[in-house]
Amino acid sequence: MKSNTRTGHDPAELGELERSILSIVWRKSAITADQAREELGRPLKDSTIRTVLRRLEEKGYLAHSVEDRTFLYRPAQTRQRVAARAVKRIVDWFCEGSVEALLVGMVDSKVLDRAELQRLAERIALAQKSAAGPKERTEKDPTEREKG
């Protein structure tokens, strides 16, 4: 697969058409320019779609392969990774780098309710436990020592 990727592009700078096409590629996993134009469901020139796909590739969001002389575009980054970069930018701009301030603001504004916040805390705890090596987990978890 060929990619002219550039890392570090700010997702906040993506235009509406770029976001729409990127969303289609994430949903479909792989797509041609013709398929992208059909999925958009609005009258756009083929050259416009090809230009947007090429720019998304240059910005590092897509990569392409060639199958029977047709470019097939695939995501170069996951939706979650792009979203995380966008949120980091928001945190830096509006919360002086504090994720805690962002989350508190989301709870205060009722974007996140307490149940969602609890699920998030549980996922973070699980991720931390998974990231710890087996020796670290054994040393931190007294029940593991009792079993061994």
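Model, not experiment: these values are computed from the prediction.

What about the pattern of salt bridges?
Side chains carrying opposite charge are able to pair once their charged atoms draw close together.
Logical step 1: Taken as a whole and judged by the stated rule, the model has eleven salt bridges.
Logical step 2: The closest approach of N and O atoms between E16 and R42, which form a salt bridge, is 3.4 Å. Highlighted residues: E16 in helix 1 (residues 16-28) and R42 in the loop between helix 2 (33-40) and helix 3 (46-58), separated in sequence by 26 residues.
Logical step 3: By relative accessible area, which is 43% here, E16 ends up partly exposed.
Logical step 4: By sharing partners, the salt bridges in this structure join D34, R37, D46 and R50 into a single network.

Observations concerning unusual backbone geometry
Logical step 1: The phi torsion at D68 lies on the positive side, around 50°, for a residue other than glycine.
Logical step 2: You can see D68 is positioned in the loop between strand 1 (62-67) and strand 2 (70-75).
Logical step 3: Judged by its relative accessible area of 76%, D68 falls in the exposed class.

What about the environment of T48?
Logical step 1: Along the chain, T48 falls in helix 3.
Logical step 2: Along the primary structure T48 and A33 are separated by 15 residues, whereas in three dimensions their C-alpha atoms are 9.5 Å apart.

A word on the pairing of strand 2
Logical step 1: Bridge count for strand 1 against strand 2 is six bridges, and the pairing is antiparallel. Paired with S65 across the strands is L72, a residue of strand 2.
Logical step 2: Hairpin connection, strand 1 to strand 2: the antiparallel pair is bridged by two residues, and D68 has positive phi, about 50°.

Structural notes on the packing of helix 2 against helix 3
Logical step 1: Contact pair helix 2 / helix 3: the axes reach a minimum separation of 9 Å and the direction vectors enclose 105°. With respect to helix 3, the axis of helix 2 lies roughly perpendicular. Here helix 2 contributes A33, D34, A36, R37 and L40 to the contact with helix 3, which in turn contributes D46, I49, R50 and L53.
Logical step 2: Here the residues of the contact of helix 2 with helix 3 sort into five nonpolar, no polar and four charged.

Here we look at the packing of helix 1 against helix 2
Logical step 1: For the pair helix 1 and helix 2, the least separation of the axes is 10 Å and the interaxial angle reads 110°. Judged by the angle between their axes, helix 1 and helix 2 are roughly perpendicular. Across the interface between the two elements, L17, S20, I21, I24, R27 and K28 from helix 1 touch A36, E39 and L40 from helix 2.
Logical step 2: Taken together, the residues of the contact of helix 1 with helix 2 sort by class into five nonpolar, one polar and three charged.

Section: a nonpolar patch on the surface
Logical step 1: Together, I90, W93 and F94 line one region of the surface with nonpolar side chains, adding up to about 360 Å² of accessible area.
Logical step 2: Looking at where W93 falls in the secondary structure, it is placed in helix 4 (residues 79-94).
Logical step 3: We classify W93 as partly exposed; its relative accessible area is 46%.

Observations concerning the confidence of the model for the protein
Logical step 1: Overall, the predicted model of the protein reaches an average pLDDT of 86, with 84% of residues at or above 70.
Logical step 2: Low pLDDT, under 50, characterises residues 142-148; the stretch is placed with three contacts to residues that sit more than four places away or in other chains.

Notes on helix 4
Logical step 1: Compared with an ideal rise of 1.5 Å per residue, which puts 16 residues at 22 Å, helix 4 spans 22 Å between its outermost C-alpha atoms and is within 8% of the ideal.
Logical step 2: Phi for E96, located one or two positions after helix 4, is positive at around 50°.

So, how was this worked out
Residues numbered from 1 in each chain as written. Predicted model: local features only at pLDDT ≥ 70, side-chain atom pairs only at ≥ 80, totals over all residues. Heavy atoms only, no water. Salt bridge = Lys/Arg side-chain N within 4 Å of Asp/Glu carboxyl O. Helix = DSSP H or I, 4+ residues; strand = E, 2+ residues; numbered from the N terminus. Buried < 20%, exposed > 50% of the residue type's maximum accessible area, 1.4 Å probe, protein only. Pairing = 2+ DSSP bridges. Axes fitted to C-alpha atoms, helices over the stretch in contact; angles between N-to-C directions. Parallel < 35°, antiparallel > 145°, perpendicular 65-115°, else oblique. Contact = heavy atoms within 4.5 Å. Nonpolar A, V, L, I, M, F, W, Y, C, P; charged D, E, K, R; others polar. Patch = residues over 30% accessible without salt bridge, like charges linked within 9 Å, V, L, I, M, F, W, Y side chains within 5 Å. Areas by Shrake-Rupley, 256 points an atom, 1.4 Å probe, with all protein chains shown as cover. pLDDT = per-residue confidence, 0-100. Expected span 1.5 Å × (residues − 1).

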